[in-house]
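Spelled out, the chains give:
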Amino acid sequence: MNILSEIACSTTFYSRPKPGLRARQLQRFCVSLKLQKNEMSQPVEGFSKLSKESKIRFIAERYTAHPEQTENLLRQYWNTDARLQQLHDEFIENTLSNFYLPLGVAPNFLINGELYAIPMAIEESSVVAAAGKSAKYWLERGGFNTRVLGTEKIGQVHFYFPGNREKLGRFIEAVKPILLQDAQPITRNMVRRGGGILGVELRDKTQAMEGYYQLHGRFETRDAMGANFINSCLEQFSATLLREAAVHPALAGEPPLEILMSILSNYVPDCRVRAEVSCPASALEAEGGLSGPQVAQRLVQAVQVADCEPYRAVTHNKGIMNGIDAVVIATGNDFRAVEAGVHAYAARSGTYRSLTGASVEDGVFRFWLEVPLALGTVGGLTTLHPLVRLALEILGKPSAPELMQIVAAAGLAQNFAALRSLVTVGIQRGHMKMHLLNILNQLGANEGEKLAMVAFFKTHTVSHNAVVDHLKTLRSGT
Ligand code: MEV
């Protein structure tokens, strides 16, 4: 079947063509139908079953002004190695092309006495530069000290039980060994690697919602992020609970227990890491007319502001996540899970607050970060994606706890770089310098022009207008 008939037959968007139509007629048929606006707003059916080519054609024709250009653009981003492209195609459904992010590296991170070059995947111009600058700064002042505060992950079976609470408690205590035993086929390998189920307990949530309870599980997943492991254990717990509840004498005569859902939690406050830097306040570089101790004092104030003012805290923490997400993505981890967990942690007191802390005591400046991070260095994308494998190799093939520490150092470095600029010379100077190449690319500058412009803006303030004006001057040769 050719593409047009494939599309025509597999979408409700087009009426069915008469059998026997030739390709050109079919094309005209589809194009004329496409013009019928009311039908264009119809949903498409069976899209996922189309070939990749057909999906591209369909999207290009239905949604874009220049379908041929769209198709070419999407193809331009395919990998020339068909096997590698197929690998990426199969990560998700309905893949049309690849979406590039630059993969950069921030060298000179001294973490617990070891030097790292940290791979970062991010599009924001100043982030890698800031990380590299911060790393170098702290390299000269003793580096980052990090430690893992816990590696415990959480999963829950959410269920309803409208019956007697004490009887439910006795039932859960009685079935705990059976829950663990039934999960053994799932946990065997993890236990061999030193992980497994750390414990399960009944949590009474009936104050929050009538009849609502949880089976709250704690897990150790070693170097795996562990989402599949935890979810599989939880679904087994659910099956065991239902089976045992139906026959267990503790619940005789009680109404049935109803399972709502079984799923891990991305809130992992006990899978947490701490990173810290410190030096004499006088060893902080004097900047913007301020002495080292004055810079230290202003850094502490900046953290205090973020700690008591949610509007500032969100931006402050966003800067931390610039560093964290970039490493999380480069190492093939789930940045949405990390984001959700970190922000929940920032709001654990009931107010959204700073993730970093800072102090000056006895002339010593300390700056630290504590964040929950559920990361993996085995399984999932970490073994599949060639660039992720490379990123992990550059990091020396870290264990998950080691990666937690590296990621925390990157987050702390990023926050330090941002605050240091903010409380001294302001953020725009460095930011716009990094943004200069983006502006030049937007303006279609050639390599020679870029070199001349970068040289000029070493001593001039970058703004969009200033770049436009100076490029004009350069081009006019005046
Ligand atoms: C920009 O991506 C991040 C900053 O806004 C962070 C901050 O304000 O602390 C510079």
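Residues numbered from 1 in each chain as written. Predicted model: local features only at pLDDT ≥ 70, side-chain atom pairs only at ≥ 80, totals over all residues.

**Thoughts on the site of the ligand**
This is how the line gets drawn: Near, as applied to residues and a molecule or strand, means the residue's backbone-placed C-beta atom lies within 6 Å of it. In this text, helices come from DSSP runs of H or I with a minimum length of four residues, and strands from runs of E with a minimum of two, each type numbered from the N-terminal end. By the convention adopted, Pro, Cys, Tyr, Trp, Phe, Met, Ile, Leu, Val and Ala count as nonpolar, Lys, Arg, Asp and Glu as charged, and the other residues, Gly among them, as polar.
The local shell around the ligand consists of Glu124, Thr315, His316, Lys318, Gly319, Asn322, Ala418, Leu422 and Ile427. Secondary-structure elements contributing two or more residues to the shell around the ligand are helix H12 (310-330) and helix H16 (400-422). Considering each element in turn, the shell around the ligand owes the most residues, five residues, to H12. Per-class residue counts for the shell around the ligand are three nonpolar, four polar and two charged.

**Things to note about the sheet that holds strand S5 (residues 196-204)**
The criterion, for reference: By this definition, two strands are paired if DSSP reports at least two bridges between them. Working convention: axes come from line fits to C-alpha atoms, limited for helices to the stretch in contact. Angles between N-to-C directions cover 0 to 180 degrees.
Strand order in this open sheet of four strands is S5-S6-S4-S7, and the pairing throughout is antiparallel. Whereas interior strands pair on both sides, the edge strands pair on one side only; in this sheet they are S5 and strand S7 (258-265). Averaged over all pairs of adjacent strands, the angle between their axes in this sheet comes to 20 degrees, without regard to strand direction. Taken together, the eight bridges between S5 and strand S6 (residues 212-220) define a ladder with antiparallel strand orientation.

**Re the sheet that holds strand S3 (residues 145-148)**
Condition: Residues are treated as contacting if the C-beta atoms built from their backbones sit within 7 Å of each other.
Spatially, S3-S8-S10-S9 is the arrangement adopted by the four strands of the open sheet, whose pairing is antiparallel. Because the sheet does not close on itself, it has two edges, and the strands there are S3 and strand S9 (356-361). Ignoring strand direction, the axes of neighbouring strands in this sheet form an average angle of 15 degrees. One ladder, built from four bridges, connects S3 with strand S8 (residues 272-280); its direction is antiparallel. The residue bridging Arg147 from the neighbouring strand is Arg274, located in S8. The sheet contacts of helix H11 (residues 292-308) involve S9 and strand S10 (364-372), and relative to S9 the element is tilted by about 145 degrees.

**Some thoughts on the environment of Asp81**
On the secondary structure map, Asp81 appears in the loop between helix H5 (67-76) and helix H6 (82-89). For the pair Asp81 and His385, spaced 304 residues apart in the sequence, the C-alpha separation amounts to 14 Å.

**What to know about the pairing of strand S4 (residues 152-160)**
When a strand is regular, its side chains alternate between the sheet's two faces. Of the pairings in the sheet, the one linking S4 to S6 comprises nine bridges and is antiparallel in character. Considered in S6, the bridge of His158 is made with Gln214. Inspection of the sheet shows S4 paired to S7 by seven bridges, in the antiparallel sense. Considered in S7, the bridge of Tyr160 is made with Glu258.

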